[in-house]
Amino acid sequence: SNLAANGSYTATVSTGVKQTLKTFPEFTQLYLGLGEGSLSSDDRYAPLIGESAGGLAVVIYDTVNNVEVSRKSFPGQSTATMDWTSMSPSGQYVVVNIIDSETGTAVYDVYDRQWNYLRRLNAYAGGHADMGYDSGGSEVMVSAHFVGGQGVLVTTTRLADNAVQQQLPGISQPAGIYMTSNYHISCQNVNRPGYCYISGFASDVALNAYMYREVFALKLDGSGAIERFAQDFKAPLPLADLSYSRAS
């Protein structure tokens, strides 16, 4: 979300009154996470992306003590090459989803809160993803990758050591394709760790996919166990608009 130029603020929802917490006059624009990025689960640490003529910088901001914890400059980068930056749920890690300048592909780079580089995740970074806790209590990146003829593969990648575990198969025999694009992944269920929530929405491929147009919880223990909550809205086919803004 756009925090407006040179400032960060909180708003009291019932009254709409805004309170300026801290200003950053060195930036021409300030963003919170650049869209998909999140605060830590306790709302303490916020990833603020500042834009200036030289490129981008990410400030880790402590909302409790109203201080800047650390910052890292990304010279030459823009909002076109940095998709989002997020705190992990615990606030221990910072993950930057950025375009690698050498390969031109999207990657996840992991840092600690003081911007010490830790690792590049072995996770597909070109689609939707979110960070949460798996059933063992480890912080993971939950990501999905559409593979032609196989559907959408959902995996977790552990932030601490890059360990990868497949959570949802692309093919479920004898049902065939399990889930197809389009989809959204959320781990914002902070009071229910060990699960992620997925919504599949109207698309014009694999209409007989097992989880077509479903909203469901996926247990992150490798079992593939799901809990169905609802079907997404029905849209007439063929669709004139396949935008992911159709998602629940």
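Residues numbered from 1 in each chain as written. Predicted model: local features only at pLDDT ≥ 70, side-chain atom pairs only at ≥ 80, totals over all residues. Heavy atoms only, no water.

### Side note on the nonpolar core
Proteins that are soluble and globular tend to have nonpolar side chains buried together.
Now for step 1: In this structure, Val-142, Val-154, Met-179, Ile-198 and Leu-218 are the most contacted members of the largest nonpolar core, which totals 17 residues.
Now for step 2: Elements represented by at least two residues in this core include exactly strand S12 (139–147), strand S13 (151–158), strand S17 (183–186), strand S18 (195–200) and strand S19 (214–219).
Now for step 3: The element best represented in this core is S12, accounting for three residues.
Now for step 4: Those residues in contact with Val-142 that sit more than four places away from it in its chain are His-128, Ala-129, Asp-130, Val-154, Thr-155, Thr-156, Ile-185, Cys-187, Cys-196 and Leu-220.
Now for step 5: By size, the runner-up hydrophobic cluster in this structure holds 16 residues, among which are Leu-56, Val-58, Ile-60 and Phe-74. (Core = buried A, V, L, I, M, F, W, Y, C linked by side-chain atoms within 4.5 Å. Buried < 20%, exposed > 50% of the residue type's maximum accessible area, 1.4 Å probe, protein only. Helix = DSSP H or I, 4+ residues; strand = E, 2+ residues; numbered from the N terminus. Contact = heavy atoms within 4.5 Å.)

### Observations regarding the packing of aromatic side chains
Now for step 1: This structure, assessed with the given rule, holds six aromatic pairs.
Now for step 2: Consider the rings of Tyr-111 and Tyr-117, whose centres lie 5.5 Å apart with planes at 75°: the pair is edge-to-face.
Now for step 3: Since its relative accessible area comes to 8%, Tyr-111 is described here as buried.
Now for step 4: For Tyr-117, a relative accessible area of 45% gives the class partly exposed.
Now for step 5: One aromatic cluster is present, formed by Phe-74, Tyr-111, Trp-115 and Tyr-117 through successive ring pairs.
Now for step 6: Sitting over the ring of Phe-74, Lys-72 keeps its end group 5.4 Å from the ring centre.
Now for step 7: A cation sits over an aromatic face here: Arg-192 above Tyr-195, 3.7 Å from the ring centre. (Phe/Tyr/Trp six-rings, centres within 6.5 Å; stacked < 30°, edge-to-face > 60°. Lys NZ or Arg CZ within 6 Å of the ring centre and 35° of its normal.)

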